[in-house]
Amino acid sequence: MIFALPHTEAMDRQDAYSETRKTWALSLPIIFGELSQMALHLIDTAMVGALGYKQLAAAALVLAVMNIPFVLGIGMTISVSQLVSLSHGRNDGFKVSHYFYNGFWICAVTALVISLGLEFGKDVLFHLGQDPEVATLAVPFLQVMGWSVIPMLLFMSLKQFADGLEKTRTAMIISVIALPLNAFINWLLIYGNWGFPQLGLVGAGWGTFITRTLMFLTLGFVVLNHPVFRRYIAVRRNQWKLNRQSIRELLHIGIPSSLQVGLEGGAFAVSGIIVGTIGATEQAAHQIALTCASFTFMVSMGLAQGASIRVSNAYGTLNGKKILVIGKTTLISALVYGVVCAVFFALFRNQLPLMFNDDPGVVQMSVVLVLFAAVFQISDATQAAGAGLLRGIKDVRIPTILVAIAYWVIGIPAGYLLAFNGGLGATGIWIGFIVGLTCSSIFLCWRFLRMARRV
């Protein structure tokens, strides 16, 4: 992929270095926060994997089913940071407070709908062609995890508010503190230590629910009481009112953003379910490789969010040159990061699966899938950056269509054909990942560079 511009538009090196440093400075706390959230899943996966590969496969099934509605909810929270950062760039504190309040309630309603949908739809697990024992283990885990969506999305709405103001450290600190807390609660409830009931897989769900609830309550207390946010809370009497136009503006960004991340997350979720129809061993191996890839993706996602906030701030003042410089340096940073991740996965593909499970068949399959995960690291990083930059300039509709084409018209059909018609099994699905992510990266990066020049 070519990021170079003609000589007349070439970036000043000093500006490029300065903008790169600022973007990473803003993004790093977001990245650590995202990694902490992913680490919660890693902890759950590792501790559940110790129970047996059937429990690991059940956890993978639940996460695959939850992934589509959950990422739709995460996408809805993005609208909060986008409009808060836009108003912050215009130095309009009243609008910041107003968008925060309206966005919070949109996220709350979204979370409730998702949780109720997962509760009433839990029996779908028995109709996905999965191993019957795996599906039976998965149902109670899905119930608890489904209700944990509410505190998580409420936490994310508060986090997006703080991130939009470029105050990214608060949520990071809370997320990091949550790691040992989650591990400790899991230790009590999964294995029945200190006299607590031995709940097994369901214990991991309760550990997640309790941890997410405490995270939301802690960040809520900070937002309501910390001096940094005081000016926005102080005007609540006039600004904390639901407004139809404001809700429409938030949904104008939130719905396409939800669809965009949902299309990507849904592609991985559906592929995970397809892999599960092949066998429990393949599904467990798929979960291990996908967990590793998801962990490295959190850095790309954090960088994309930081760049999106900075671009949105610049877009508020229509500073086209700054938008282009931030965009190009972000894409280059994502490209470099993707290469580093690809090399790391290739070198340690034999060791990474052993962190989750020691079943010989699962490990052998995981080694192959981790190698495929190494291949798509570059495309995964650059497409995340491209999507974030486009959100920053409020371009969300066309990118959503491009993402749909990349994953659902090209990637998934290619993976399915290779898996079943081509006889490649789970590896065919992962080749489809590579094809879809590469197309998405090309589409989104090209779209941003084209649109940024117009600004």
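The structure we're discussing is the one just above.
Keep in mind that this is a model prediction, so the values were computed, not measured.

Visitor: I keep staring at the overall build of the chain and nothing clicks. Help me out?
Guide: From N to C terminus, the chain includes 16 helices and zero strands. For 455 residues, the compact-globule estimate of 2.2 N^0.38 gives 23 Å, and the chain sits close to it at 21 Å. Considering only C-alpha atoms, the chain reaches an extent of 55 × 50 × 35 Å along its principal axes. Taken across its 455 residues, the chain has 60% of its residues classed as buried. In the chain, once contacts between residues fewer than 6 apart in sequence are set aside, the share between residues at least 24 apart is 84%.

Visitor: Explanation requested: the side chain of Ser 157 in the structure shown.
Guide: Along the polypeptide, Ser 157 turns up in helix H5 (residues 149-164). Residue Ser 157 is classed as buried on the basis of its relative accessible area, which comes to 1%. Among the polar contacts listed, one links the side chain of Ser 157 to the backbone oxygen of Leu 154, at a separation of 2.7 Å. For Ser 157, the residues in contact, after removing those within four places along its chain, are Thr 77, Val 80, Phe 104 and Cys 107.

Visitor: I tried to follow the packing of aromatic side chains on my own but got confused; where do I start?
Guide: Aromatic ring pairs are described here by two measures, namely the spacing of the ring centres and the angle between the planes. Taken as a whole and assessed by the stated rule, the structure comprises 17 aromatic pairs. Seen in terms of ring centroids, Phe 376 and Trp 430 are 5.8 Å apart; in terms of plane orientation they differ by 15°. Their pairing is stacked. Residue Phe 376 is located in the loop between helix H13 (360-375) and helix H14 (377-392), and its partner Trp 430 is located in helix H16 (residues 426-454); the two are separated by 54 residues in the primary sequence. For the pair Phe 376 and Trp 430, one class covers both residues: buried. Every member of this aromatic cluster is reached through a ring pair, and the members are Phe 100, Tyr 101, Phe 104, Trp 105, Phe 161, Phe 229, Tyr 232 and Trp 240.

Visitor: When you look at empty space enclosed by the protein in this model, what are you seeing that I'm missing?
Guide: Over the atoms rolls a probe the size of a water molecule, and in doing so it shows where empty space is left. Under the defined criterion, the tally for this structure stands at six cavities of 30 Å³ or more. Size it by volume and the largest cavity reaches roughly 1000 Å³. Residue lining of the largest cavity: 42 residues in total, with Met 38, Asn 67, Val 71, Ser 294 and Met 298 positioned closest to the centre. The set of elements that each furnish at least two residues to the lining of the largest cavity consists of helix H1 (13-49), helix H2 (53-89), H5, helix H10 (244-278), helix H11 (280-316) and H14. Top contributing element to the lining of the largest cavity by residue count: H11, with eleven residues. Grouping the constituent residues of the lining of the largest cavity by class yields 22 nonpolar, 14 polar and six charged. Put simply, the parts of the chain that give the lining of the second largest cavity at least two residues each are H10, H11 and H14. If you tally residues by element for the lining of the second largest cavity, the top one is H14, at four residues. For the lining of the second largest cavity, the per-class residue count stands at seven nonpolar, two polar and two charged.

Visitor: For this particular structure, what's the right way to read the pattern of salt bridges?
Guide: Any two side chains of opposite charge can pair, on the condition that their charged atoms come close. Tallying each qualifying case throughout the model produces five salt bridges. With a closest N to O distance of 2.7 Å, Glu 19 and Arg 310 form a salt bridge. Of this pair, Glu 19 sits in helix H1 while Arg 310 sits in helix H11; the two residues are 291 residues apart in sequence, bridging distant segments of the chain. Two residues, Asp 163 and Lys 159, come together in a salt bridge whose shortest N-O distance is 2.7 Å. A residue pair is termed a helical-turn pair when its members lie 3 or 4 positions apart in one helix, as Asp 163 and Lys 159 do in helix H5 at four residues. Lys 159 carries the same exposure label as Asp 163, and that label is buried.

Visitor: How should I be thinking about the packing of H2 against H5 in this particular structure?
Guide: Angle between the axes and distance between the axes: these two values describe a pair of packed helices. Their axes nearest at 8 Å, the elements H2 and H5 cross at an angle of 25°. One element, H2, and the other, H5, form an angle in the roughly parallel class. Along this stretch, H2 crosses H5, giving a crossing that reads as right-handed. Taking contact as the criterion, the partners of Met 66, Phe 70, Gly 73, Ile 74, Thr 77, Ile 78, Val 80, Ser 81, Val 84, Ser 85 and His 88 in H2 are, on H5, Val 149, Met 152, Leu 153, Met 156, Ser 157, Gln 160, Phe 161 and Gly 164. A per-class count over the contact of H2 with H5 returns eleven nonpolar, eight polar and no charged.

Cut-offs applied
- Residues numbered from 1 in each chain as written.
- Predicted model: local features only at pLDDT ≥ 70, side-chain atom pairs only at ≥ 80, totals over all residues.
- Heavy atoms only, no water.
- Helix = DSSP H or I, 4+ residues; strand = E, 2+ residues; numbered from the N terminus.
- Rg over C-alpha atoms; globule rule 2.2 N^0.38 Å.
- Buried < 20%, exposed > 50% of the residue type's maximum accessible area, 1.4 Å probe, protein only.
- Contact = heavy atoms within 4.5 Å.
- Polar contact = N/O pair within 3.5 Å; in protein donor to acceptor, adjacent residues only side chain to side chain.
- Phe/Tyr/Trp six-rings, centres within 6.5 Å; stacked < 30°, edge-to-face > 60°.
- 1 Å grid on protein atoms, 1.4 Å probe; cavity = no way out; pocket = protein on both sides within 12 Å on 5 of 7 lines; lining within 4 Å.
- Points joined across faces, edges and corners; volume = space filled by probe spheres on them.
- Nonpolar A, V, L, I, M, F, W, Y, C, P; charged D, E, K, R; others polar.
- Salt bridge = Lys/Arg side-chain N within 4 Å of Asp/Glu carboxyl O.
- Axes fitted to C-alpha atoms, helices over the stretch in contact; angles between N-to-C directions.
- Parallel < 35°, antiparallel > 145°, perpendicular 65-115°, else oblique.
- Left-handed = near helix turned anticlockwise from the far one by under 90°.

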